[in-house]
Number of protein chains: 2
Amino acid sequence: MNNMAQAKSTYQFEDLLEKHQLKKTGARLRVLSMMYAKNTATSQPDLESVLNDIDRVTLYRILNVFEEKGIIHKVFDLNGTANYAVCSSGCQEHHHHDEHLHFNCTNCKGVFCLNEIKFPTINLPAGFHADGFTVYASGLCAKCSKMQ
Amino acid sequence: MNNMAQAKSTYQFEDLLEKHQLKKTGARLRVLSMMYAKNTATSQPDLESVLNDIDRVTLYRILNVFEEKGIIHKVFDLNGTANYAVCSSGCQEHHHHDEHLHFNCTNCKGVFCLNEIKFPTINLPAGFHADGFTVYASGLCAKCSKMQ
DNA sequence: TTGTAAATGCAATACTGTTGCATTTGTATT
DNA sequence: AATACAAATGCAACAGTATTGCATTTACAA
Ligand SMILES: [Mn+2]
Ligand SMILES: [Mn+2]
Ligand SMILES: [Zn+2]
Ligand SMILES: [Zn+2]
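In this text the structure is predicted, and so the values were computed from the model without any measurement. (Residues numbered from 1 in each chain as written. Chains lettered and ligands numbered in written order. Predicted model: local features only at pLDDT ≥ 70, side-chain atom pairs only at ≥ 80, totals over all residues. Heavy atoms only, no water.)

**Student:** Got a minute to help me understand the protein's contact with DNA strand D in this structure?
**Tutor:** Near DNA strand D, the surroundings consist of 20 residues, among which Lys 23, Thr 25, Arg 28 and Arg 61 of chain A together with Tyr 60 of chain B are the closest. For DNA strand D, the fraction of atoms within 4 Å of the protein that belong to sugar or phosphate moieties is 59%. Between DNA strand D and Thr 58 of chain A, the relevant distance is 3.0 Å, taken from a phosphate oxygen to a side-chain nitrogen or oxygen of the residue. Elements supplying a minimum of two residues to the surface near DNA strand D: α2 (26-36) and α4 (56-69) of chain A together with α3 (44-50) and α4 (56-69) of chain B. Ranked by residue count, the leading element in the surface near DNA strand D is α4 of chain B, at five residues. Tallied by class, the residues present in the surface near DNA strand D amount to eight nonpolar, four polar and eight charged. (Near = heavy atom within 4 Å. Polar contact = N/O pair within 3.5 Å; in protein donor to acceptor, adjacent residues only side chain to side chain. Helix = DSSP H or I, 4+ residues; strand = E, 2+ residues; numbered from the N terminus. Nonpolar A, V, L, I, M, F, W, Y, C, P; charged D, E, K, R; others polar.)

So, in structure tokens, the structure goes:
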């Protein structure tokens, strides 16, 4: 849950890129270090404003290839804004396992991937067949709860 | 679940507008009849292409005021596209009760509001306090399941 | 019938995301 | 170290989504 849990050095990011047969470029390393430094998902607008010297198109292409490779996953928050988060584990190229709960804090706007929460099986009306579930919760995160 | 369940006449749409102190205009009645005629949510692109003689800005303003009044609710599908659906009941101005399951059919792209499905309480990590949940399922709807 | 607030249409603008193409760069090979 | 090439980047153009301001029209109450 804390930042250090995912903290990685540049060398490890380089290894990650190499593992996925992606060239080690400055832009990609910066995107990785920005996303790995946080315990929440990062919104597209945030990525764009912080990494504002990287061309927008390049940023989109980096995000797309990282998603394809199973390095990050995309999650829309409750306002429909795209957010990107580091995949926990078990995600491979074109084959994600990110069916965890997403918590949207209404105060700090943080989007948390709560991998540890198992949500129960949900039954559906006759005839409906689900191959995946996405669960969102909105409210106050731990930090914001304390401050109220 | 079938269309007739929500079928309404123009008079009833006029009553609905009057109840919410909205003027009875052609554009508003057409938006209502389009949305009430279906048992799925309607995407913004669909609304725009079908009601293409209504100015886009007017359409957005109609959707926004209907949402404020609790007549419809907005739901993003799994691609982040805005969809609008008739509120079931209990929705009032600035106070919605639309915490039902949303089913996204990967075949027909339909977004179904499954009011009848009660999803179980989901517990959260210490400190997190949810005031609402949104659950999405993706897969095949009843109609598309049959056809496969 | 008239007056007026509400609703609409239109122009302009901002944001999100994609495509095509020329240029640059990372890296494997020599 | 130099070369060679695919991959990555930057830039321009474009499409789609959504909002704001303002002039005009319309619904409806008086
Ligand atoms: Mn996640
Ligand atoms: Mn719904
Ligand atoms: Zn928070
Ligand atoms: Zn279907």
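**Student:** Where do I start with the protein's contact with DNA strand C in this structure?
**Tutor:** Around DNA strand C, the surrounding shell holds 20 residues, and the nearest of these are Lys 23, Thr 25, Arg 28, Thr 58 and Arg 61 of chain B. Expressed as a percentage, the sugar and phosphate content of the atoms of DNA strand C within 4 Å of the protein is 57%. Between Tyr 60 of chain A and DNA strand C, the recorded distance is 3.0 Å, taken from a side-chain N or O atom to a phosphate oxygen. Between Lys 23 of chain B and DNA strand C, the recorded distance is 3.0 Å, taken from a side-chain N or O atom to a sugar or linking oxygen. Looking at the surface near DNA strand C, the elements that each hand over two or more residues are α3 (44-50) and α4 of chain A together with α2 (26-36) and α4 of chain B. No other element matches α4 of chain A, which puts five residues into the surface near DNA strand C. Classifying every residue of the surface near DNA strand C by side-chain character gives eight nonpolar, four polar and eight charged.

**Student:** Even after reading the chapter, I still don't get the coordination of the manganese ion (ligand 2), so can you show me in this structure?
**Tutor:** When four donors bind a metal tetrahedrally, each ideal donor-metal-donor angle is 109.5 degrees, and when six bind octahedrally, the ideal angles are 90 or 180 degrees. Residues and elements named next belong to chain B. Looking at the metal site, the manganese ion (ligand 2) is ligated by His 73 (NE2), His 100 (NE2), His 102 (NE2) and Cys 113 (SG), spaced 2.0 to 2.3 Å from it. Here the donor residues for the manganese ion (ligand 2) map to a single chain with the spacing H-x26-H-x1-H-x10-C. Highlighted residues: His 73 in strand β2 (residues 72-76) and His 100 in the loop between β3 (82-86) and β4 (101-105), separated in sequence by 27 residues. Note on accessibility: His 73 and His 100 belong to one class, buried. (Donors = N, O, S within 2.8 Å, 3.2 Å for Na, K, Ca; no water. Buried < 20%, exposed > 50% of the residue type's maximum accessible area, 1.4 Å probe, protein only.)

**Student:** Quick question: what am I supposed to make of the interface of chain A and chain B here?
**Tutor:** The figure often quoted for interface size is the accessible area lost as the parts come together. Of the residues lining the interface, 36 residues belong to chain A; the matching set on chain B comes to 35 residues. Between chain A and chain B, roughly 2600 Å² of surface is buried when both sides are summed, and carbon and sulfur atoms account for 69% of that area. Here chain A and chain B share zero salt bridges between them. Our count for the chain A to chain B interface comes out at 10 residue pairs in polar contact (both at pLDDT 80 or more). Every element with two or more residues in the side of chain A that touches chain B is listed here: β4 (101-105), β5 (111-114), β6 (129-140) and α5 (142-147) of chain A. Residue contributions to the side of chain A that touches chain B peak at 12 residues, all from β6 of chain A. Among the residues making up the side of chain A that touches chain B, the classes are represented as 23 nonpolar, 11 polar and two charged. (Contact = heavy atoms within 4.5 Å. Buried area = accessible area lost by both parts, 1.4 Å probe. Salt bridge = Lys/Arg side-chain N within 4 Å of Asp/Glu carboxyl O.)

**Student:** In this structure, what is going on with α4 of chain A? I would like to understand it.
**Tutor:** For an α-helix the count is 3.6 residues per turn, leaving residues at separations of three or four pointing the same way. All names here are of chain A. The terminal C-alpha atoms of α4, which comprises 14 residues, lie 20 Å apart, in line with the 20 Å expected from a rise of 1.5 Å per residue. Turning to α4, its buried residues are Leu 59, Ile 62, Leu 63, Val 65, Phe 66 and Lys 69. Contact partners of the buried residues in α4: α1 (10-19), α2, α3, β2 (72-76) and β3 (82-86). Two or three places before Val 57, at the opening of α4, Asp 55 has a side-chain oxygen 2.9 Å from that residue's backbone nitrogen. (Expected span 1.5 Å × (residues − 1).)

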